[in-house]
Amino acid sequence: MLKFYLQTYGCQMNIYESGVVRRVLADAGLTETADEHDADVLLMMTCSVRSHAEQRALGRLGTFRALRSEHAGRVVGVLGCMAQRFAEALVTDHRADIVVGPDEYLRLPELIRNVQAGTTGLTSTVPVEQRVATRQTSECYDAVMPARGLSRDGDCPQNPVSAFVTVMRGCDNHCTYCIVPHVKGRERSRPLASVLAEAERHSANGAKDITLLGQNVLAYRDGSRRFPDLLAAVASALPRARIRFLTSHPRDLDSSLLDTMRRLPNVCPSLHLPVQSGSNTILQRMNRGYTREEYLAKVTLCRKTLPEVALTTDVLVGFPSETEADFKATLDLIEEVRFDFAYMFRFSMRPGTRAGEFEPKVSESDAGRRLSRLIEVQNRITSERNRDMLNKVFELLIESPSPRDSGWLGRTVFNKVVIVKGNCAPGDLVRCRVTHINGWTPVAEIHAPTAAVC
Ligand code: SAM
Ligand code: SF4
């Protein structure tokens, strides 16, 4: 029986796609191994959002090639965004055996068999233009129930109680800096019934924290049903599970979503609302579709409707033409909103995107300095917000043993990870009191067990 090794780079959507690949390979009779030396097939699920992620994957591809030279018949494959972006060049310049784009995973077993039969250098990527033309039939892997990976999938820790369900693929937004629409194609939503069935299966398999995923879930539609309808359907069908979702485009956020969240007790009060910049000039050049003032008004609406909501964001610095004044506007916004957490990035030029052509570029040193300053400010705010948790009691869903000490890692409904000491197991819901902060991680002790979820 053939064994495969799969490494995942990138975001939650890639973890999900790796689950699809696992199922496709398992159904074809392959088994997964956590040891690359033991594998017949070496695969990587790649990300093209920033150049750094691509460079890391190309470095790893070198290791895969070295392993192939030690063992005749080993197959090396590149999957996902880089497969779509580089296509044949991954075969000709980087000597991959198979290259499989995001809509072609069902063909993997056939491609692997072909390579083993002696036909190397096969690519299976569909040009984005073609996918646009076949939008109605674009692949959503509706019939594939993603399989759970090994305890650690490359960079991505896995735990037995959380699950992701992709509700839509692709993106129609065309932010000028972003490669996603170029590699993942047009936006298409899965039928509500199929999302619901998948969430129910995860729940039956033990998942207690389910995250609905999409590049902009607020663009979801199935006939007349929109994302709040989907959220309500999943949350009502699984009243004992915590339900989350990612990512919400600020432009599309409205009171119908917030009212739905308020109404449903098991929808977690946390929102990821990427702002990208606090400067109107830059937001416009990014084609984000909102102004700073509109964004702040949405934050006010969120906090008015859901007073305890945890807000997180993405911020991008060093975008072409960003001035010190633009950057200061971003810092001011960060101070004003006081996000619970932020993912912060330095602009990475992506070939083929409109911003790739924009001038003037911000120098590496200015962009690096701005990013360091931004991280410093946000880290202070994150740490202050975590300090607000001191001496309060939270319900934690225990996920996994803490890697650095003898405790456990648990998650609050606000998506905060807490270390807890005591006798627990993954899947337990425990009431904990936060006793101190270690670095910026809250540390808690068990207060009393609870029965009810959320
Ligand atoms: N769909 C989500 C949204 O609208 O915000 C985000 C998806 S994107 C894959 C995740 C984050 O990567 C973005 O929010 C942005 O901050 C960052 N990102 C995207 N393109 C980038 C680029 N060219 N350079 C640096 N960061 C980038
Ligand atoms: Fe990229 Fe913008 Fe689409 Fe997010 S919304 S995936 S940042 S184009």
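Reading guide: rules and limits
Residues numbered from 1 in each chain as written. Chains lettered and ligands numbered in written order. Predicted model: local features only at pLDDT ≥ 70, side-chain atom pairs only at ≥ 80, totals over all residues. Heavy atoms only, no water. Helix = DSSP H or I, 4+ residues; strand = E, 2+ residues; numbered from the N terminus. Buried < 20%, exposed > 50% of the residue type's maximum accessible area, 1.4 Å probe, protein only. Contact = heavy atoms within 4.5 Å. Near = heavy atom within 4 Å. Polar contact = N/O pair within 3.5 Å; in protein donor to acceptor, adjacent residues only side chain to side chain. Areas by Shrake-Rupley, 256 points an atom, 1.4 Å probe, with all protein chains shown as cover. Pairing = 2+ DSSP bridges. Right-handed = clockwise from strand over helix to strand, strands pointing away. Phe/Tyr/Trp six-rings, centres within 6.5 Å; stacked < 30°, edge-to-face > 60°. Lys NZ or Arg CZ within 6 Å of the ring centre and 35° of its normal. Nonpolar A, V, L, I, M, F, W, Y, C, P; charged D, E, K, R; others polar. Expected span 1.5 Å × (residues − 1). Disulfide = S-S within 2.5 Å. Axes fitted to C-alpha atoms, helices over the stretch in contact; angles between N-to-C directions.

(A) Region of interest: the overall build of the protein chain. When you go through the protein chain residue by residue, the secondary structure sums to 14 helices and 23 strands. If you line up the protein chain on its principal axes, its C-alpha atoms span 65 × 55 × 45 Å. Every one of the 454 residues in the protein chain was classed for burial, and the buried ones make up 56%. Relative to all contacts within the protein chain whose residues are 6 or more apart in sequence, the contacts with residues 24 or more apart total 73%.

(B) View of the site of ligand 1. The full set close to ligand 1 counts 16 residues, and Arg-50, Gln-215, Gln-276, Asp-314 and Ser-348 are the nearest of them. Between Arg-50 and ligand 1, the recorded distance is 3.0 Å, taken from a side-chain N or O atom to an oxygen atom. Within the side chain of Gln-276, one N or O atom sits 2.7 Å away from an oxygen atom of ligand 1. Across the complex, the protein chains shield 91% of the 560 Å² of accessible surface that ligand 1 would expose by itself.

(C) Expanded view of the pairing of strand S18 (residues 341-346). Bridge count for strand S17 (residues 310-317) against S18 is six bridges, and the pairing is parallel. When the sheet's bridge partners are listed, Thr-313 is paired in S18 with Ala-342. The β-α-β motif built from S17, the intervening helix H13 (residues 324-337) and the parallel element S18 has right-handed crossover chirality.

(D) Geometry of the packing of aromatic side chains. Throughout the structure, instances matching the rule amount to ten aromatic pairs. Aromatic side chains Phe-319 and Phe-358 sit 6.1 Å apart centroid to centroid with 80° between the ring planes, which places their arrangement in the edge-to-face category. You can see Phe-319 sitting in the loop between S17 and H13 and its partner Phe-358 sitting in the loop between S18 and helix H14 (364-387), a full 39 residues away along the chain. Measuring from centroid to centroid gives 5.0 Å for Phe-341 and Tyr-343, while their planes differ by 80°, and the two rings are edge-to-face. For Phe-341, a relative accessible area of 29% puts it in the partly exposed group. With relative accessibility at 42%, the residue Tyr-343 sits in the partly exposed group. Over the face of the ring belonging to Phe-345 we find Arg-50, whose NZ or CZ atom lies 3.7 Å from the ring centre.

(E) Main features of the site of ligand 2. Around ligand 2, the neighbouring residues are Cys-171, Asn-173, His-174, Cys-175, Tyr-177, Cys-178, Val-180, Pro-181, Gln-215 and Arg-288. Of the residues contributing to the shell around ligand 2, the split by class is six nonpolar, three polar and one charged.

(F) Fine view of H13. With 14 residues, H13 should cover 20 Å at 1.5 Å per step; its first-to-last C-alpha distance of 20 Å lies within 8% of that length. Inspection of H13 places Asp-326, Phe-327, Ala-329, Thr-330, Leu-331, Leu-333, Ile-334 and Val-337 among the buried residues, and these make up the whole buried set. At its buried positions, H13 is contacted by helix H11 (280-286), helix H12 (292-305), S17 and H14. At the exit of H13 stands Arg-338, carrying a positive phi of roughly 55°.

(G) Up close: the state of the cysteines. A complete count under the given rule lists zero disulfides for this structure. Among the cysteines around Cys-424, which has no disulfide bond, Cys-432 carries the closest sulfur, lying 6.6 Å off.

(H) Focus on the sheet that holds S18. Spatially, S16-S17-S18 is the arrangement adopted by the three strands of the open sheet, whose pairing is parallel. Every interior strand has two partners, whereas the edge strands, strand S16 (270-272) and S18, have only one. Adjacent strand axes in the sheet meet at a mean angle of 10°, parallel and antiparallel pairs treated alike. Note that S16 and S17 share three bridges and pair parallel. The partner of Leu-271 across the bridge, within S17, is Leu-311.

(I) Quick look at the pairing of strand S20 (residues 408-411). The alternating pattern of S20 places Trp-408 and Gly-410 and Leu-409 and Arg-411 on opposite faces, both of which are buried. Direction of pairing for strand S19 (residues 393-401) relative to S20: antiparallel, over a ladder of four bridges. Residue pairing for S20: Ile-398 is matched across the bridge by Gly-410. Linkage of S19 to S20, two consecutive antiparallel strands, is achieved through a turn of six residues. Direction of pairing for S20 relative to strand S21 (residues 417-421): antiparallel, over a ladder of four bridges. When the sheet's bridge partners are listed, Trp-408 is paired in S21 with Val-420. Hairpin connection between S20 and S21: a loop of five residues separates the two successive antiparallel strands, and Asn-415 in this loop has a positive phi of roughly 70°.

(J) Main features of the environment of Arg-188. Structurally, Arg-188 can be placed in strand S11 (residues 188-189). Along the sequence, Arg-188 and Ser-372 sit 184 residues apart, while their C-alpha atoms lie 37 Å from each other. At a separation of 2.9 Å, a polar atom in the side chain of Arg-188 contacts the side chain of Asp-103.

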